[in-house]
Amino acid sequence: MLLTRRFIAPFVAVSRLTSPSSKTLATQSDAHLRHQCSPDLTDQQSLVLDAVARGRSVFITGSAGTGKSLLLRHAIRVLRDIHPRHSVFVTASTGIAATAIGGQTLHSFAGIGTQSADDANAVLRDVLRNRPAARRWAAANALVVDEVSMIDGRLFDTLETIARRVRHRKSDDVWGGIQIIASGDFFQLPPINSPDPEKEFAFEADCWDASFDLQIDLSHVFRQSDAKFIELLQCIRLGRCNPDQLRLLDQCRVVQEDDGDQWPETVTSLYPLNRDVQRVNKQRLEELEREIVVYRAMDRGKNPWRKQLERGIAPDVLEVCVGARVMLIKNLDVERGLVNGSVGVVTEFVESSGRAISARICPDQLLPVVQFDVGVKVAVKPSSWDVMEGQVVLARRRQVPLILAWAVSVHKCQGMTLDRMHADLSRVFGCGMVYVVLSRVRSLQGLRLSGFNPSKIKAHPKVLQFYERLQFGQS
Ligand SMILES: Nc1ncnc2c1ncn2[C@@H]1O[C@H](COP(=O)(O)OP(=O)(O)OP(=O)(O)O)[C@@H](O)[C@H]1O
């Protein structure tokens, strides 16, 4: 399922690859593909990797859980194989998303800080004065942009203008010839404070269609397997639920004294606001009345990169005790089910052997042992989160990859898969948020709701139109 613009037949009529180097690129990529296209990937996912390996620019979209993030990781590997490594820049619209894929924010890559992109010429002047930023633009052969849905159309156009002007000696093409791989779902979280109502979304940018050889809407949902639940989520995504579907959601409502066994005691609650998350976790931790072990993140690097890490998923300070519900925030061992979002309970602390944990993170050098709900028990060692520019590590955070799991914020749960979840929707606002929340959980059986009101299921009309256009182009 794909929209074609310059992508008329497989890899025909693509105007970008006319440079002498393009043949080399194709040969390298063919060899690469035989190696990379794992049989586990769907046809659509393989098609994307094939296009990426052939130097095409691709927009990857799809419902929650269709494998966009997994595919993007594969695509980054392909890009690093086909281009000189220092010329591949991995970015995302937010610090959390950027840190999750080992990149930097799009703003910091571009050298535009967080200022408004209203005046492309003024921004361009700033970028040209900012030598490291101008060098990055000049050096880039490929630019990855994750969570592109959170970038507004005016900024997208401004970035394209910067790329073309900085690189005019290299290429007059769109984005100055940079291969763009963007990923995101416009039905999920929208841009914040878009300055121009005509260009609220990136797909409204003048250069949007010209930017991509292939725009693909991934259709196979992996996170859920129950067809009824998948259909319900699709309807929520589109902002249209029928009465039968609303009844299904109604059955998930939390009733007082409900589910006496383990609901909602051991279940993660999702809240839109951070202050609710902190309040619930603090209260539950205190109720345990056990000795608390503190883990402080160990950072290196300068600002603004350090700041990006501080805004990321790994906490500055993690406080846990025996009995605390915790959630993994990294994929530790996918085969054993220890993935981003796996939850469990801290059962004990053990002294680390060797240098498994720095005294700067935990003076007593204790590791938390977690009994995960998937049945695996492990002593969790610190992990690293990097801010990368090309191949260079700009900043690094080391921390134990856990957060308290009684409550998690909607923004932090992006990309997570949860077996059981209680969602408090009373403070949900805007389009897409109900969908983001509900699409984290694997099954309807694992879902409990409070504060739900059908009027909160909303999709933006422009987004609906854009996806209709995608479907139309794909038919
Ligand atoms: N081809 C595949 N075969 C098996 N599992 C897959 C495949 N592609 C993705 N998955 C799995 O599906 C789950 C969801 O994938 P992923 O997180 O990449 O989806 P996503 O589209 O980025 O979701 P979201 O929009 O919610 O962030 C993950 O557990 C991932 O490993």
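Predicted model, so just to flag it, every value in this text is computed and none were measured.

With that settled, the discussion passes to helix H8 (residues 153–166). When the terminal C-alpha atoms of H8 are compared, their 20 Å separation across 14 residues agrees well with the 20 Å that a helix rising 1.5 Å per residue should span. Burial of H8 is extensive: twelve of the 14 residues sit out of reach of the surface. Taken together, the buried residues of H8 touch helix H5 (106–110), helix H6 (120–129), helix H7 (131–139) and helix H9 (208–211).

Another aspect to go through is the site of the ligand. Residues in close proximity to the ligand total 19 residues, the closest being Ala 64, Gly 67, Lys 68, Ser 69 and Phe 222. With three residues, the top contributor of residues to the shell around the ligand is helix H3 (residues 68–82).

In this section: the sheet that holds strand E17 (residues 392–399). Here three strands make up an open sheet; going across it, the order is E10-E17-E16 and the pairing antiparallel. At either end of the open sheet lies a strand with only one pairing partner, and these are strand E10 (298–301) and strand E16 (383–389). Neighbour-to-neighbour, the strand axes of this sheet turn through a mean angle of 15°, independent of strand direction. Of the pairings in the sheet, the one linking E16 to E17 comprises seven bridges and is antiparallel in character. Bridging across to E17, Met 388 finds its partner in Val 393.

At a minimum axis separation of 9 Å, H7 and H8 run at an interaxial angle of 80°. Classed by the angle they form, the pair H7 and H8 counts as roughly perpendicular. The segment H7 lies against H8, with Ala 134, Trp 137 and Ala 138 engaging Ile 162, Ala 163 and Val 166. For the contact of H7 with H8, the per-class residue count stands at six nonpolar, no polar and no charged.

All right, on to the sheet that holds strand E8 (residues 268–271) then. Taken together, the four strands give an open sheet; going across it, the order is E19-E8-E20-E21, and neighbouring strands pair in parallel fashion. Where the open sheet ends on each side, the last strands, each with one partner, are strand E19 (407–409) and strand E21 (447–450). Looking at each pair of strands side by side, their axes are set apart by 25° on average, direction ignored. Sheet analysis places strand E20 (residues 421–424) next to E21, joined by four bridges and oriented parallel. Along E21, the bridge assignment pairs Asp 424 with Ser 450. Packing of helix H12 (residues 274–288) onto the sheet brings it into contact with E8 and E19, and relative to E19 it is tilted by some 165°.

On to the domain arrangement of the chain. Many analyses report the size of an interface as the accessible area lost when the parts associate. With domains assigned, the chain is organised as domain 1 (5–13 + 226–384 + 396–456) and domain 2 (41–218). Taking only C-alpha atoms into account, the centre of domain 1 sits 27 Å from that of domain 2. Residue-level contacts link 21 residues of domain 1 with 21 residues of domain 2. Counting only elements with at least two residues in the side of domain 1 that touches domain 2, the list comes to helix H10 (227–237), helix H13 (305–310) and helix H14 (433–438). Looking at the side of domain 1 that touches domain 2, its residues break down into eight nonpolar, eight polar and five charged.

Take Gly 446: it is sitting in the loop between H14 and E21. For the pair Gly 446 and Val 267, spaced 179 residues apart in sequence, the C-alpha to C-alpha distance is 9.1 Å. Dropping the residues within four chain positions of it, Gly 446 is found in contact with Asp 419, Arg 420, Met 421 and Val 441.

With that settled, the discussion passes to the nonpolar core. Among the nonpolar cores identified, the biggest contains 131 residues, and Val 52, Val 58, Ala 75, Val 326 and Leu 402 are the most heavily contacted of them. Contact partners of Leu 402, with chain neighbours within four places excluded, come to Leu 318, Val 320, Val 326, Met 327, Leu 328, Ile 329, Pro 368 and Val 380.

An ideal rise of 1.5 Å per residue puts 21 Å on 15 residues; H12 measures up with 22 Å between its terminal C-alpha atoms. Directly after H12, the chain includes Glu 289, whose backbone phi takes a positive value near 50°.

Turning to the confidence of the model for the chain, a few remarks are in order. Summarising the model, the chain shows a mean pLDDT of 84, and 87% of its residues fall at 70 or more. When pLDDT is averaged over each element of the chain, strand E6 (residues 179–183) comes out on top at 98 and helix H1 (residues 22–36) at the bottom at 35. Below pLDDT 50 for its whole length, residues 1–39 participates in 50 contacts with residues either more than four positions away or in separate chains. With a pTM of 0.81, the predicted complex shows an ipTM of 0.98.

Let us now look at unusual backbone geometry. Leaving glycine aside, a negative phi is the common case for residues, and trans is the common case for peptide bonds. Even without being a glycine, Trp 175 presents a positive backbone phi close to 55°. Tracing the sequence through the fold places Trp 175 in the loop between H8 and E6. For Trp 175, a count of 23 C-beta atoms within 10 Å puts it in the buried group.

What follows concerns the packing of H6 against H8. Orientation of H6 relative to H8, taken along the N-to-C sense of each, is 50°, at an axis distance of 10 Å. Regarding the angle of H6 to H8, the classification is oblique. Both H6 and H8 take part in a crossing whose hand is right-handed. Seen from H6, the contacting residues are Ala 120, Val 123, Leu 124 and Val 127; seen from H8, they are Thr 158, Thr 161, Ile 162, Arg 165 and Val 166. Residue composition of the contact of H6 with H8, by class: six nonpolar, two polar and one charged.

Reading guide: rules and limits
Residues numbered from 1 in each chain as written. Predicted model: local features only at pLDDT ≥ 70, side-chain atom pairs only at ≥ 80, totals over all residues. Helix = DSSP H or I, 4+ residues; strand = E, 2+ residues; numbered from the N terminus. Expected span 1.5 Å × (residues − 1). Buried ≥ 20, exposed ≤ 12 C-beta atoms within 10 Å, placed from the backbone. Contact = placed C-beta atoms within 7 Å. Near = placed C-beta within 6 Å. Pairing = 2+ DSSP bridges. Axes fitted to C-alpha atoms, helices over the stretch in contact; angles between N-to-C directions. Parallel < 35°, antiparallel > 145°, perpendicular 65-115°, else oblique. Nonpolar A, V, L, I, M, F, W, Y, C, P; charged D, E, K, R; others polar. Domains from an automatic or database assignment. Core = buried A, V, L, I, M, F, W, Y, C linked by C-beta atoms within 7 Å. pLDDT = per-residue confidence, 0-100. Left-handed = near helix turned anticlockwise from the far one by under 90°.

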